[in-house]
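Structure at a glance
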Amino acid sequence: MAVASTQTGLKGAPVFGVAALIETVKTRVARYRLYRQTVNELSALSDRELADLGLHRSMIRRLAQQATEEQTAQ
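Scope of this entry: the structure provided in the associated data block. Nothing here was measured: the structure is a model prediction, and the numbers come from that model. (Residues numbered from 1 in each chain as written. Predicted model: local features only at pLDDT ≥ 70, side-chain atom pairs only at ≥ 80, totals over all residues. Heavy atoms only, no water.)

**Observations regarding the overall build of the protein**
Under the convention used in this document: Helix numbers and strand numbers start at the N terminus; a helix is a DSSP run of H or I with at least 4 residues, a strand a run of E with at least 2.
Secondary structure assignment for the protein yields 3 helices and 0 strands. Counting helices and strands in the order they occur from the N terminus, the protein gives α-α-α.

**Notes on a nonpolar patch on the surface**
For clarity, the cut-off: Like charges within 9 Å and nonpolar side chains (Val, Leu, Ile, Met, Phe, Trp, Tyr) within 5 Å are joined into patches, using only residues over 30% in relative accessible area that form no salt bridge. The protein chains shown are the only cover counted for residues, whose accessible areas, like all others here, come from Shrake-Rupley with a 1.4 Å probe. Salt bridge, as applied in this entry: a Lys or Arg side-chain nitrogen positioned within 4 Å of an Asp or Glu carboxyl oxygen. Buried, partly exposed and exposed residues are distinguished by accessible area as a fraction of the type maximum, computed with a 1.4 Å probe on protein chains only: under 20%, between the cut-offs, and over 50%, respectively.
A cluster of nonpolar side chains, Leu21, Val25 and Val29, forms an exposed patch at the surface whose accessible area comes to about 250 Å². With respect to the element layout, Leu21 can be found in helix α1 (residues 12–43). According to the relative accessible area criterion, Leu21 is exposed, its value standing at 53%.

**Things to note about the pattern of salt bridges**
All chains considered together, the criterion is met by 3 salt bridges. Put simply, Glu23 and Lys26 hold a salt bridge, and the shortest N to O gap is 3.7 Å. Taken together, the residues Glu23 and Lys26, both in helix α1 and 3 residues apart, mark about one turn of the helix. Under the relative-accessibility criterion, Glu23 is labelled partly exposed at 45%. In this structure, the salt-bridge partner of Asp52 is Arg48, at a minimum N-O distance of 3.5 Å.

**Here we look at the side chain of Thr68**
The criterion, for reference: Should any heavy atoms of two residues lie within 4.5 Å, those residues are considered in contact.
Among the secondary structure elements, Thr68 is positioned in helix α3 (residues 60–73). By relative accessible area, which is 2% here, Thr68 ends up buried. Dropping the residues within four chain positions of it, Thr68 is found in contact with Arg31, Leu34 and Tyr35.

By themselves, these observations are geometric and do not establish any function.
Okay, here's the thing in structure tokens:
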């Protein structure tokens, strides 16, 4: 006969919660940095260079968001 036992305590719960919070903050900061880097690089291009890529300046933020989501999903 198998017996499964789960123990939870007050001491373990806050530590796990804090660790999860720290990981969430780290992930969000990394995503934001990647987003800003992408926006900055695309914004530095001239309108002509963007047009050569088939892009318009109004598309930069959306493209940066998509790129960030794709990169962090991997």
